[in-house]
Every structure is written in structure tokens, then in C-alpha cells.
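Structural characterization, general
The primary structure of each chain is shown beneath.
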Amino acid sequence: MLLGLLAMRKKLKPKNTLTSFKELEDVHIVITGGNSGIGEATAKMLAEKNASVTIGCRTHEKSMNVIEKISQMYPMSPKITYKFLDLSSLRSTKEFVDSLDMKNVDILINNAALWGSPEPLSEDGFEQTFATNYLSHFYLTLLMIQKFNLKRIINVSSGLYYKGEIEPGNLNKLVEVPEKLDKDMYRQLYSTSKTSSNLLCKRTSQQIS
């Protein structure tokens, strides 16, 4: 299992430049949050190398604009598709996986992330940042493994993971909304969600390897 961007580099990165990535024809890749930032840049690179790409995002119009732009840049690349995915909802996460009708998925890239939200609680009643950045991606990964026997998962992390705070004796705190939500707290919530993801990656890798 490939876990983290370093693992992606190990598999795809050439000796010198990004432009010499090997061809990815017949490889189907699902990426969350593929309509902006790192996700959009990754989708472009994968399309350039002839991978089939499905992006899962909440915003239909924005996603379709990105797909149109990528298709114009690489008109000979395989199909790039959009599927609705709201990672603040475990129900939506399940529906997303159910909607994937391709024969196989080779790589899952858990890229989408939330930093601050006007809605403190997710649809399922969990703190929004942790629910979006960790819980739903965890659930998505499990569902994808079950459906496609997935072996390669890439989790996009952050250098802020080292600032995350997890109390082993009080794990319920991770899903509870803090009394005070401000800039510093949003940073802390984001950091903790990335710490959690990294710990999960390490544990999953140990179990599968």
C-alpha cells in the first residue's frame, strides 16, 4: 500500500523532473478535492500521463470547469469524470463509493481537507474538521478496499501534523466542538486531524504489510 506523498513519489517520481513520469495508461485514480489547489494540480499531472481520473467534490460547477480545462489541455487523455462527494457526511461518502461503476480503481488519493467552517458540526454530529479530514476519509478508504480490493492509497498530509494533540484517555474530545472557535483553534483542529491521519496510515501499513 502506498501511503502519503512520499510513497507516491517513490512510485512515480523519476530521477530528475516531474515531466518524465511514466505513462499511467489503464490506471484509474480517484482523488478527493480535485477541483482546486494540490488536488487540481495532481489531476492535471495524472491526465497528462494518460491516467483515468475521477474527482470527488461537493461543488459541481467548479469541478466541471476544472474538468473542461484539463480536457482542453490534454484532449487525447482518457476520460476525466466528476462524482459528488460531501466529506462532511458519512452517508454521502457511502453514496459516492456506491456510484463508482468502473471495473477497478488502482489508486485512491485522499486529498480534500477543511480548515475552518461556519458549520461546527457535521451531518453526523461530529466536529466538522475532524469529520471531514479524518473520519470520512477513513470510511472512504475502508469502503474502497472492500469494493475494489484497493492496495494503493495516498494520504495528503501537512507539516502541521506535529502540532496535533491527541489524548489517548479522552478520544471523544476529537469529535467534540471546542467551546471557543477562532483562528488558533481552527489551526489546532486541522493539525490534529492530520496527526490522526498519519497515525492511521502507519497502523494500516503495519497491518497490511
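Residues numbered from 1 in each chain as written. Predicted model: local features only at pLDDT ≥ 70, side-chain atom pairs only at ≥ 80, totals over all residues. Heavy atoms only, no water.

1. Considerations on the sheet that holds strand β4 (residues 107–110)
Strand order in the open sheet made by the 5 strands is β3-β2-β1-β4-β5, with parallel pairing throughout. Two strands close off the open sheet at either side, each with one partner strand: β3 (80–84) and β5 (152–155). Across the sheet, the mean angle from the axis of one strand to that of its neighbour is 20°, orientation sign disregarded. Where strand β1 (residues 28–32) and β4 come together, 3 bridges link them in parallel fashion. Each residue of the ladder has a partner; that of Val30, found in β4, is Leu108. In this fold helix α3 (residues 60–73) packs onto β2 (52–57) and β3, with an angle of close to 175° to the strand it touches most, β3. Where helix α4 (residues 90–99) meets the sheet, its contacts fall on β1, β2 and β3, and the angle it forms with β3 comes to roughly 145°. (Pairing = 2+ DSSP bridges. Helix = DSSP H or I, 4+ residues; strand = E, 2+ residues; numbered from the N terminus. Axes fitted to C-alpha atoms, helices over the stretch in contact; angles between N-to-C directions. Contact = heavy atoms within 4.5 Å.)

2. A few points about unusual backbone geometry
The phi torsion at Asp26 lies on the positive side, around 70°, for a residue other than glycine. By the element assignment, Asp26 lies in the loop between α1 (5–12) and β1. Here Asn149, not a glycine, exhibits a phi torsion of approximately 50°, which is positive. When you line up the elements, Asn149 lands in the loop between α5 (128–148) and β5. Owing to a relative accessible area of 51%, Asn149 belongs among the exposed residues under this scheme. (Buried < 20%, exposed > 50% of the residue type's maximum accessible area, 1.4 Å probe, protein only.)

3. A closer look at the pairing of β1
Judged by how many residues are buried, β1 sits mostly within the fold: 5 of 5 residues are covered. Residue alternation in β1 divides its side chains into two sets, His28, Val30 and Thr32 and Ile29 and Ile31, and both sets are buried. For β1 and β2, the ladder comprises 5 bridges, and the chain directions are parallel. Across the sheet, Ile29 pairs through a bridge with Val53, a residue of β2. A crossover connection joins β1 to the parallel β2 through helix α2 (residues 37–48); in handedness this β-α-β unit is right-handed. (Right-handed = clockwise from strand over helix to strand, strands pointing away.)

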